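What follows is each chain in one-letter form.
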Amino acid sequence: MITIGIPAYNEEKNIAKVIVQLQDKGYSIIVCDDGSSDMTAKIAEKMNVIVIRHEKNLGYGAAIRSIFLKAKELNTDSLVTFDADGQHRVEDITSLIEPLTKDKADIVIGSRFLGQDESNIPNYRKTGIKVITKIANISGEKELTDSQSGLRAYNSKALESITPSENGMGVSTEILIKANKANLKIFEIPVTILYEGNTSTHHPVSHGASVIVSTMKFISIERPLKFYGIPGVVLLSIGLFFSFWAIQGFAETRQIITNVSLIGIGTTILGLIFLMNAILLFTLVNLVREGKEN
């Protein structure tokens, strides 16, 4: 059974059209209304689909979590997350599902940047997505091209292995980090996103900032030595270089080079703080994991 999960927030203008297109293909549909103040939930309920209602707006991640839990309850074979704003194409679902059915992947991501014409993507979105994807790739072994795509397919193994906890837009990165931890196979296919009119309900700046903060939070927890340790070593190296320069200058002239000394002291302290954080967080995370296993 293929189930389509649609997170929706104030999408009364688009939700009916999206559901009709999916029903024409015979898909089972779950709509999670995330505290909409419009008619989104009522429209979906009248169209004979499964509707999960949040009493208040909890965020995109919370909607994805509710969809995951309902899909597991229904014992669905494959779950495809599909945006309610009309940007995703129904015809791309078949391509998303194919790697799952052939056991090539546990998670398939529809990428906007995989050999496709990017001219239809607004520049601010293109830049933001690529920056966030670069950050997200720090936590994984596979270099992805579109870590923020909401068009994804999950098999039953992925659904059993992952329960999202992030309420906000950072859930896309959280899922990838947890998938890497569970050794799930991640695959990307090219898709076309339709950017027509004002379909997004999120302000691009606040959306981007939220995703970056969430992404960095999860990476810092999952890869503390890499996240804090590498910058710590770099800062400490710079600090020692400038400190040596200041000491050498004082030995030759008996005068303190103030700027060089301040840079040396400041970066050395910052480097040590980063390294201490890396060690402490690495130790703490491993203690928590051992406690859970026991």
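Relevant structure appears above.
Rules of the game
- Residues numbered from 1 in each chain as written.
- Predicted model: local features only at pLDDT ≥ 70, side-chain atom pairs only at ≥ 80, totals over all residues.
- Heavy atoms only, no water.
- Pairing = 2+ DSSP bridges.
- Helix = DSSP H or I, 4+ residues; strand = E, 2+ residues; numbered from the N terminus.
- Axes fitted to C-alpha atoms, helices over the stretch in contact; angles between N-to-C directions.
- Contact = heavy atoms within 4.5 Å.
- Core = buried A, V, L, I, M, F, W, Y, C linked by side-chain atoms within 4.5 Å.
- Buried < 20%, exposed > 50% of the residue type's maximum accessible area, 1.4 Å probe, protein only.

Visitor: Could you clarify how one ought to interpret the sheet that holds strand β5 (residues 107–111) in this entry?
Guide: Hydrogen bonds along the backbone pair up the strands of a sheet, which may run parallel or antiparallel. The strand order β3-β2-β1-β4-β6-β5-β7 describes an open sheet built from 7 strands, whose pairing is mixed. The open sheet is flanked by β3 (50–54) and β7 (186–190), the only strands paired with a single partner. Averaged over neighbouring strand pairs, the angle between their axes works out to 20° when direction is ignored. In this sheet, β3 lies alongside strand β2 (residues 28–34) in parallel orientation, the contact comprising 5 bridges. Considered in β3, the bridge of aspartate 34 is made with histidine 54. Contacts from helix α3 (residues 60–73) reach β1 (2–8), β2, β3, β4 (78–81) and β6 (152–155), with the element oriented near 145° to β2.

Visitor: Even after reading the chapter, I still don't get the nonpolar core, so can you show me in this structure?
Guide: If you look at soluble globular proteins, the nonpolar side chains tend to sit buried side by side. Among the nonpolar cores identified, the biggest contains 29 residues, and Ile6, Ile19, Leu22, Val31, Phe82 and Ile93 are the most heavily contacted of them. Those elements that provide at least two residues to this core are β1, α1 (15–23), β2 and α4 (92–101). Those residues in contact with isoleucine 93 that sit more than four places away from it in its chain are Ile4, Leu22, Tyr27, Val80 and Phe82.

Visitor: Can you walk me through unusual backbone geometry in this structure?
Guide: Peptide bonds are, in most cases, trans, and in most cases residues other than glycine have a negative phi. Its identity is not glycine, yet asparagine 48 carries a phi of approximately 60°, on the positive side. Along the chain, asparagine 48 turns up in the loop between α2 (40–46) and β3. The backbone phi angle of asparagine 183 is positive, close to 60°, even though this residue is not glycine. Secondary-structure assignment places asparagine 183 in the loop between α7 (171–181) and β7.

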